Amino acid sequence: MAPELTVSPLTTRSGLRVSGEVGLATHEVWERALKQAVREDGDVYYLELSAVTFVDVAGVGVLAAVAQELGDGRRMVLHRPPPALRRVLDMFWPDLTSIEVAKS
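### Points about the packing of aromatic side chains
No. 1: One pass over the structure, following the stated rule, counts one aromatic pair.
No. 2: The side chain of Arg 13 reaches across the aromatic face of Tyr 46, ending 4.1 Å from its centre.

### A look at the pattern of salt bridges
No. 1: Counted by the stated rule, this structure contains three salt bridges.
No. 2: A salt bridge links Arg 75 to Glu 100; its shortest N-O distance comes to 2.7 Å. With Arg 75 in strand β4 (residues 75–79) and Glu 100 in strand β5 (residues 99–101), this pair connects stretches of sequence that are 25 residues apart.
No. 3: When its relative accessible area of 27% is taken as the criterion, Arg 75 is described as partly exposed.

### Some points on the side chain of Ser 98
No. 1: Residue position: Ser 98 is located in the loop between α3 (83–92) and β5.
No. 2: Here Ser 98 falls in the buried class, since its relative accessible area comes to 9%.
No. 3: A polar side-chain atom of Ser 98 sits 3.0 Å from the main-chain carbonyl oxygen of Ala 67.
No. 4: Setting aside anything within four residues of it in sequence, one finds Ser 98 in contact with Ala 67, Gln 68, Leu 70, Arg 74, Arg 75 and Met 76.

### Here we look at unusual backbone geometry
No. 1: Although it is not a glycine, Arg 80 adopts a positive phi angle of roughly 55°.
No. 2: As for its position among the elements, Arg 80 is in the loop between β4 and α3.

Definitions and cut-offs
Residues numbered from 1 in each chain as written. Predicted model: local features only at pLDDT ≥ 70, side-chain atom pairs only at ≥ 80, totals over all residues. Heavy atoms only, no water. Phe/Tyr/Trp six-rings, centres within 6.5 Å; stacked < 30°, edge-to-face > 60°. Lys NZ or Arg CZ within 6 Å of the ring centre and 35° of its normal. Salt bridge = Lys/Arg side-chain N within 4 Å of Asp/Glu carboxyl O. Helix = DSSP H or I, 4+ residues; strand = E, 2+ residues; numbered from the N terminus. Buried < 20%, exposed > 50% of the residue type's maximum accessible area, 1.4 Å probe, protein only. Polar contact = N/O pair within 3.5 Å; in protein donor to acceptor, adjacent residues only side chain to side chain. Contact = heavy atoms within 4.5 Å.

Below is the structure:
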């Protein structure tokens, strides 16, 4: 069975709820979904990631690249990302201010 990635809009704020795995088979879906954030008008774009079970390094790279395209003052807020995603961000993009990991 191939990995799946499901993306749906948040109902209460600008952003997406993502579930499944981000890997080679799902990179296209992940990248297309993240690029939506660049097209949005708001200062904050939320990603609910509590149902994401895996994100490979390339997937984190796409997240970082898209976050860098957001422009001054804009940011992505990640809610409950997988621990590996946080570690890769800290390792390769420690000073990337356009991504915030929510404390709650």
